[in-house]
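Residue-level structure breakdown
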Amino acid sequence: MGQNLKNDLLIEDLQQAAIDFKDEHPTEIIRWGIDRLGASAFTLACSFGYEDVALVDMLLKVDPDVDIFYLDTDLHFSETYEIRDRLHEYFQKEFTRVSPVLSLKQQATEHGEKLWEKSPDICCRIRKVEPLRNYLQGFEGWITGIRREQSPTRANTEVIEYDQTFGLVKINPLAFWDTKQVWNYIYEHQIPYNPLHDQNYPSIGCFPCTRPVRPGEDPRAGRWAGTQKIECGLHNTPLESK
Ligand code: SF4
């Protein structure tokens, strides 16, 4: 007998749905989740990067009432805050701000200045992972823009899966889409996007940890450049690190 999730869903149900919906359009994958668990059960994680603006458009066409949140580390580029405001106008949708318990000043007092330089894992835990963990407790499922193509750590991502780290259903509608498919969707639907993408920033995080990529570099090479770090811990975090 499999592990029982909420709404009589079993992990085996998610595994079967992942197979059944692998080749479906992302919109249909989102619809499956909302039909099974209800709109109020879900939230979408939005970083205002290009995958997420496409995903927000898709989600709102399925159900405009689903919650959408962003993790405000207080360290985003000004362009990211500007596109947040523009997207709010464009979609007429509130994006819930999720913030760390510690302000930047408190973090500097407790852990030292520029924690991202000496201990980026701790900084990400304080400013991203713990706020996310707390926020997700109010939901049964979350929707993310991660794709298999983005990094080796995401290469096994399924469109529907059980998130062991946070203990809820995880829907990754773009898991099998490539970069071109996402951009085609954005251009076709004329969705506003972060202008940094046109300045060699294919992946945009906090400004202290993101640089533009050079020709031929991996799209995520600009994240935590010069370190071994490739993930902030929001996805594929091993259970042991809980
Ligand atoms: S990406 Fe950098 S600045 Fe942002 S939370 Fe992680 S370590 Fe801190």
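Cut-offs and rules
Residues numbered from 1 in each chain as written. Predicted model: local features only at pLDDT ≥ 70, side-chain atom pairs only at ≥ 80, totals over all residues. Near = placed C-beta within 6 Å. Helix = DSSP H or I, 4+ residues; strand = E, 2+ residues; numbered from the N terminus. UniProt positions renumbered as here; feature names shortened; annotations may be inferred. Buried ≥ 20, exposed ≤ 12 C-beta atoms within 10 Å, placed from the backbone. Contact = placed C-beta atoms within 7 Å. Pairing = 2+ DSSP bridges. Core = buried A, V, L, I, M, F, W, Y, C linked by C-beta atoms within 7 Å. Axes fitted to C-alpha atoms, helices over the stretch in contact; angles between N-to-C directions. Expected span 1.5 Å × (residues − 1). Parallel < 35°, antiparallel > 145°, perpendicular 65-115°, else oblique. Left-handed = near helix turned anticlockwise from the far one by under 90°. Nonpolar A, V, L, I, M, F, W, Y, C, P; charged D, E, K, R; others polar.

1. Thoughts on the site of the ligand
Residues in contact with the ligand amount to 13 residues; listed here are only the nearest, W116, C123, C124, C206 and C209. The dominant element in the shell around the ligand, judged by the number of residues it contributes, is helix α7 (residues 120–136), at five residues.

2. With respect to the UniProt feature "active site" (unreviewed entry) in the chain
Here, the residues flagged by UniProt with the feature "active site" (unreviewed entry) are C232. Its 24 C-beta neighbours within 10 Å are what place C232 among the buried residues. In contact with C232, other than residues within four places in its own chain, are C124 and K128.

3. Considerations on the pairing of strand β5 (residues 160–163)
Pairing between β5 and strand β6 (residues 168–171): four bridges, direction antiparallel. In the strand pairing of β6, E161 is matched with K170.

4. Some remarks on the nonpolar core
Of all hydrophobic cores here, the largest spans 53 residues; its most connected members are L44, C46, L55, V56, L59 and I143. Ranked by residue count, the leading element in this core is helix α3 (residues 50–62), at seven residues. In this structure, L59 is in contact with I30, L44, V66 and I143, ignoring residues within four places of it in sequence.

5. Focus on the sheet that holds strand β1 (residues 42–45)
Pairing is mixed in the open sheet, where six strands are placed in the order β3-β2-β1-β4-β6-β5. The strands lining the two open edges of the sheet, one partner per strand, are β3 (96–98) and β5. Shown here is a sheet whose adjacent strand axes are inclined to one another by a mean of 30°, direction ignored. Looking at chain direction, strand β4 (residues 141–143) and β6 are connected through three bridges and run parallel. Considered in β6, the bridge of W142 is made with K170. Its contacts with the sheet place helix α1 (residues 11–21) against β5 and β6, and it is angled at close to 150° to β5.

6. Digging into α3
With 13 residues, α3 extends 19 Å from end C-alpha to end C-alpha; this agrees with the ideal 18 Å at 1.5 Å per step. Where α3 is concerned, the buried positions are Y50, E51, D52, V53, A54, L55, V56, M58 and L59. On its buried side, α3 packs onto α2 (26–37), β1, β2 (67–71), α4 (78–91), β4 and α8 (179–189).

7. So, the environment of K22
Tracing the sequence through the fold places K22 in the loop between α1 and α2. Its 13 C-beta neighbours within 10 Å are what place K22 among the partly exposed residues. Distance in space between the C-alpha atoms of K22 and V159 is 6.2 Å, their sequence separation being 137 residues. The contacts of K22, once residues within four sequence positions are left out, are V159 and F176.

8. Quick notes on the packing of α3 against α8
Direction vectors running N to C along α3 and α8 enclose 55°, while the axes themselves pass 9 Å from each other. By the angle class used here, α3 and α8 are oblique. Judged by the twist between their axes, the crossing of α3 over α8 is left-handed. Taken together, the residues of α8 that come into contact with α3 (itself represented by Y50, E51, V53, A54 and D57) are V182, W183, Y185, I186 and H189. A class-by-class count of the residues in the contact of α3 with α8 yields seven nonpolar, one polar and two charged.

9. Thoughts on the UniProt feature "domain: Phosphoadenosine phosphosulphate reductase" (unreviewed entry) in the chain
Taking the numbering used here, the UniProt-annotated feature "domain: Phosphoadenosine phosphosulphate reductase" (unreviewed entry) corresponds to residues 43–212. Helix makes up 39% of residues 43–212 and strand 13%, whereas the separation of the span's terminal C-alpha atoms amounts to 30 Å.

10. A word on the environment of R148
Inspection of the secondary structure puts R148 in the loop between β4 and β5. On the neighbour-count criterion, R148 (18 C-beta atoms within 10 Å) is partly exposed. Along the primary structure R148 and D198 are separated by 50 residues, whereas in three dimensions their C-alpha atoms are 22 Å apart. Leaving out residues up to four positions away in the same chain, R148 has contacts with R154, A155, T157, A175 and F176.

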